[in-house]
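Structural features, examined
Here is what each chain is made of, one letter per residue.
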Amino acid sequence: MSLLDEVRLVAGKDLRIEARSRVTLQQIVPFGLIVLVLFAFALDPDRGVLKRVAPGLFWITVLLAALLAVSRSYTIEADNGARDGLRLSGLDGPALFLGKAAAIAVQLLALEVVLAICVVVLYGIELNSLFPLVLATLAATVGVSATGTLYGVLAAGLRVRETLVPVLLLPVVAPVLLGATRAWEAAIDGVPSDAWPWVGLLGVFAVLFTAIGMLAFGSLLEEA
Amino acid sequence: MRLLKPRVAMAVGVLSLASLVTLVILGLFVAPPDAVQSDAQRLMYLHVPVAWVAYLAFGVTALASALWLWPRTRSMVWDRLAGSSAELGVIFTALTLVDGSLWGKPVWGVWWAWDARLVTTAVLFFLYLGYLALRRIPSSVDARAKRCAIAALVAFADVPIVHFSVDLWRTLHQDGSVFNEELDAHIHGVMAFTLWFGVLAFTLLYVYLLDRRYRLAALDEEREEREVALAIAERVAPQAPPVPTPAPPVEMGTPR
Amino acid sequence: MPTVVRLRSAVCLLDRFPALAGVDLDVEDGEIVLLSGANGAGKTTLLRLLAGLIPLYSGDAAVLGCDLSRDRRGARRGLALVGHETFCYDDLTVRENLRFAARAAGRGPGAADAALKRVGLDAVGDVVHRRLSAGQRRRLALAVAWSRDPRLLLLDEPHAGLDSEGRALLDEIVRAAPGEGRTVLIASHELDRIRSLAHREVVLTAGQATLPALVPVPAPAPEKADVAP
């Protein structure tokens with residue numbers, strides 16, 4: 001089987017499980033929405049403040065939801081010896097990595113669409129300059145999904161997985177938060193062309209961590 | 001078992017102690033106070049060397065991790081080195097953040113500023129914490145070494161990105177340049193000498209502590225290997241014969 | 001005949017405990033070997049070692065020509081393990097799980113359906129894995145292994161939980177294996193049943209392998225002497 005076929009197989013498996021169990025739809029998306037609302041409780045609902053910081057709040061919410069998505073991605077591998085099954089399956093490390101990361105990315109993108117609509121409604125911003133906005137979002141999502149999948153497998157067999165992954169993941173994806181937020185700010189409120197350096201940074205991050213993940217996943221899975 | 005021969009380690013230890021004492025004298029008494037910042041600036045003689053060691057330790061951890069991961073050079077030496085250096089690194093990073101803050105308050109009026117260097121150091125601190133959390137999880141030596149090595153290298157790849165991104169952010173906003181200027185104060189003469197001397201002194205201290213921590217890690221591993229060998233021997237040896245108890249008197253049926 | 005399994009003084013650690021403390025083992029192509037021994041003797045560990053799932057601490061181990069100390073993953077495409085777990089996903093149906101396993105092994109959905117039929121699970125093909133009984137899970141695990149068309153079949157207490165029909169099915173699969181070019185290694189407590197299937201037996205005691213000692217036939221009970229007062 002080609003790499004692409006294997007990736008489709010693994011991603012398809014994860015997405016089919018999500019379609020069946022609906023955890024992202026029924027738990028992670030509501031979580032994101034609740035966090036967005038909570039921000040309004042925490043910050044002055046005076047529309048000025050929320051509107052100004054809306055991109056930052058959006059991306060923090062996405063990051064927190066990503067923690068849940070990564071955790072879920074590996075929880076499904078914890079039962080019935082599924083990790084052993086993946087090891088024995090003969091599927092290659094890179095394919096397994098790309099498949100799981102792709103499934104997480106698809107779910108995060110769906111979440112982001114919902115959250116974006118909510119941010120427009122709740123915080124009163126307008127999504128101008130869609131082109132850099134969408135590119136930045138895609139690059140950021142790929143970067144977060146790749147890094148999350150990598151740390152997820154690193155912690156996969158450990159009992160402390162759920163508290164360990166956030167500690168490991170969040171410092172590393174700080175540049176993604178920075179870049180995505182600045183890109184959104186430039187696209188929405190500022191000079192759209194200012195977004196491009198950030199899109200570039202996000203793209204480099206995404207490519208780098210996807211490459212690292214492909215190299216390291218198989219080896220880390222063996223120890224899980 | 002050791003990074004340095006015992007005599008060399010002792011010499012390094014003595015030298016580092018002596019140079020640290022000398023540094024205190026130089027920094028507090030010999031070097032002149034700064035024109036702008038007066039005595040507060042003397043913290044630079046602590047801050048810069050400590051920050052240097054924090055990043056040096058990080059570099060050592062990353063390099064050692066890479067050497068462990070590379071199959072040709074794989075050896076527990078590198079894993080022990082990476083772990084020991086990380087423990088020192090986190091301490092020095094914390095020191096950097098604290099004394100940087102102590103220096104910043106009298107000079108800038110704030111405990112903290114969001115410029116590239118400070119933010120990167122803060123992120124470095126968290127990356128270290130994550131690495132050390134990984135090291136503490138009980139596992140087989142090989143599994144732990146692999147996880148930590150990969151985590152260290154990912155962190156190493158990340159730090160320049162963090163620095164670059166915060167830098168880009170600050171230049172685009174043209175904020176914070178005044179902070180950088182203060183830190184880049186041009187120094188010369190006695191002050192420059194004291195600064196470089198400080199770097200040397202703290203590097204010696206780092207090397208000495210690294211050797212000691214490394215030895216501790218090696219002894220730890222040796223103890224574990226002995227325990228495993230003992231466990232294998234016990235499992236293999238046939239059951240020891242039970243302590244003979246006096247045989248109960250046999251009732252002989254009286255023959256008819 | 002090529003040697004499918006070759007172990008010399010193999011030592012395996014589970015959390016620093018030497019689960020295998022020096023095992024010597026040779027298995028030839030087409031053999032059916034019974035692995036017996038008390039609980040805790042190391043049978044499961046041995047099978048997992050052969051599957052490359054746990055690292056070799058010391059000694060030599062070669063499976064299907066692959067040196068396990070250098071490459072744990074190499075032999076995996078040629079073998080299949082039926083362990084205590086099914087390696088499946090609770091939210092997917094039996095058929096979906098099998099199709100995933102078969103496709104991962106490079107075989108088409110036809111192989112999955114054939115395996116389903118072979119183990120008699122086609123009636124529950126569309127039942128979600130979570131709902132399966134223990135016996136059905138056993139059969140599913142067997143189907144997953146069989147759909148990979150393995151050269152080496154590693155079975156860990158495969159009869160546990162199966163009804164009599166399932167047991168007969170399993171025996172049939174094992175018996176047919178050498179003819180299909182497969183080698184089988186079974187760890188089990190069902191000694192009587194499998195001794196009739198197996199070519200030979202290896203006993204594991206405290207992490208080491210021995211050939212079984214001859215079990216002496218118990219002497220007939222002495223007749224009670226009439227004690228005449």
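These notes cover the structure that comes with them. Owing to the predicted nature of the structure, the values given are computational and were not obtained by experimental measurement.

Here is what the cut-offs are and how they apply
Residues numbered from 1 in each chain as written. Chains lettered and ligands numbered in written order. Predicted model: local features only at pLDDT ≥ 70, side-chain atom pairs only at ≥ 80, totals over all residues. Helix = DSSP H or I, 4+ residues; strand = E, 2+ residues; numbered from the N terminus. Rg over C-alpha atoms; globule rule 2.2 N^0.38 Å. Buried ≥ 20, exposed ≤ 12 C-beta atoms within 10 Å, placed from the backbone. Contact = placed C-beta atoms within 7 Å. Nonpolar A, V, L, I, M, F, W, Y, C, P; charged D, E, K, R; others polar. Axes fitted to C-alpha atoms, helices over the stretch in contact; angles between N-to-C directions. Parallel < 35°, antiparallel > 145°, perpendicular 65-115°, else oblique. Left-handed = near helix turned anticlockwise from the far one by under 90°. Core = buried A, V, L, I, M, F, W, Y, C linked by C-beta atoms within 7 Å. Pairing = 2+ DSSP bridges. Arc of directions from axis to C-beta. Expected span 1.5 Å × (residues − 1).

Considerations on the overall build of chain A
- Broken down by element type, chain A carries nine helices and zero strands.
- Since a compact globule built from 224 residues should have a radius of gyration of about 17 Å, the 18 Å found for chain A is in line with a globular shape.
- Structurally, chain A occupies a C-alpha span of about 55 × 35 × 30 Å along its principal axes.
- Taking all 224 residues of chain A together, 53% fall into the buried category.
- Counting contacts in chain A only where the partners sit at least 6 residues apart, residues at least 24 apart contribute 85% of the total.

Some details on the overall build of chain C
- Counting secondary structure elements, chain C contains six helices and 10 strands.
- Projected onto its principal axes, the C-alpha coordinates of chain C cover approximately 80 × 45 × 35 Å.
- Considering chain C as a whole, with its 229 residues, one finds that 47% of them fall into the buried category.

Some words on the interface of chain B and chain C
- With nine residues of chain B at the contact, the number on the chain C side is 11 residues.
- Ranked by the residues each element gives to the side of chain B that touches chain C, the list is headed by helix α7 (residues 190–236) of chain B, at seven residues.
- Class assignment for the residues of the side of chain B that touches chain C results in four nonpolar, one polar and four charged.

Some details on the packing of helix α4 (residues 134–147) of chain C against helix α5 (residues 164–176) of chain C
All names here are of chain C.
- It is the contact of α4 with α5, at a shortest axis distance of 11 Å, that shows an interaxial angle of 15 degrees. Considering their axes alone, α4 and α5 lie roughly parallel with respect to each other. Crossing angle aside, the handedness with which α4 passes α5 is left-handed. Residues Gly135, Arg138, Arg139, Leu142 and Trp146 of α4 pack against Gly166, Leu170 and Ile173 of α5.

What to know about unusual backbone geometry
- You will see that Ser129(A), though not glycine, has its phi angle at about 45 degrees, which is positive.
- Considering the arrangement of structural elements, one finds Ser129(A) in the loop between α5 (93–123) and α6 (130–154).
- The backbone phi angle of Leu64(C) is positive, close to 50 degrees, even though this residue is not glycine.
- A residue is classified by how many C-beta atoms lie within 10 Å of it, and Leu64(C), with 20 of them, is buried.

Thoughts on the environment of Arg16(C)
- Following the sequence through the fold, Arg16(C) ends up in the loop between β1 (3–14) and β2 (17–28).
- For Arg16(C), a count of 14 C-beta atoms within 10 Å translates into the label partly exposed.
- C-alpha separation for the pair Arg16(C) and Tyr57(C), spaced 41 residues apart in sequence, amounts to 10.0 Å.
- Setting aside anything within four residues of it in sequence, one finds Arg16(C) in contact with Glu224(B), Glu227(B), Val228(B) and Ala231(B).

With respect to the packing of α6(A) against helix α8 (residues 174–188) of chain A
All names here are of chain A.
- Contact geometry of α6 with α8 gives a least axis separation of 9 Å together with a crossing angle of 170 degrees. In this view, α6 runs roughly antiparallel relative to α8, as classed from their interaxial angle. On α8, the residues touching Pro132, Leu133, Ala136, Ala140, Gly143 and Val144 of α6 are Val176, Gly179, Ala180, Ala183, Trp184 and Ala187.
- A class-by-class count of the residues in the contact of α6 with α8 yields 10 nonpolar, two polar and no charged.

Some thoughts on the nonpolar core
- Residues Ala136(A), Leu202(A), Ala151(B), Cys12(C), Ala143(C) and Leu154(C) are the most contacted members of the largest nonpolar core, which totals 217 residues.
- When near neighbours in sequence (up to four residues on either side) are disregarded, Ala143(C) contacts Leu98(C), Ala115(C), Leu116(C), Arg118(C), Val119(C) and Leu121(C).

Some remarks on the interface of chain A and chain B
- Taken together, the contacts link 24 residues of chain A with 23 residues of chain B.
- When residues of the side of chain A that touches chain B are assigned to their parent elements, the largest contribution, nine residues, is made by helix α9 (residues 195–223) of chain A.
- Each residue belonging to the side of chain A that touches chain B can be placed in one class, and the counts come to 19 nonpolar, two polar and three charged.

Examining the sheet that holds strand β8 (residues 183–187) of chain C
Residues and elements named next belong to chain C.
- A sheet is described by the order of its strands in space; here six strands give the open sequence β6-β7-β8-β3-β9-β10, paired in mixed fashion. The open sheet terminates on both sides in strands that have one partner only, identified here as β6 (79–82) and β10 (208–210). Between one strand axis and the next, the sheet turns through 20 degrees on average, direction left out of account.
- In terms of strand pairing, strand β9 (residues 200–205) meets β10 through three bridges, oriented antiparallel. Bridge pairing in β10 links Thr205 to Gln208.

Things to note about the sheet that holds β1(C)
- If you walk across this open sheet you meet the four strands as β2-β1-β4-β5 (chain C), and the pairing is antiparallel. Both outer strands of the open sheet, β2 and β5 (66–67) of chain C, are each paired with one neighbouring strand and no more.

So, helix α3 (residues 109–118) of chain C
Residue and element names in this part refer to chain C.
- Listed in full, the buried residues belonging to α3 are Ala111, Ala112, Ala115 and Leu116. Relative to the axis of α3, the buried residues are bounded by an arc of 140 degrees and lie together on one face. Exposed and facing more than 90 degrees away from the buried side of α3 are Gly110 and Lys117.
- On its buried face, α3 sits against α2 (94–104) and α4.
- Positive backbone phi, approximately 75 degrees, marks Gly120, located one or two places after α3.

Focus on helix α1 (residues 6–30) of chain B
Residues and elements named next belong to chain B.
- Given a rise of 1.5 Å per residue, 25 residues ought to cover 36 Å, and the 34 Å separating the end C-alpha atoms of α1 matches this to within 8%.
- If you check which residues of α1 are buried, you get Val12, Ser16, Leu23 and Leu26.
- Contacts made by the buried residues of α1 are with α2 (44–69) and α7.

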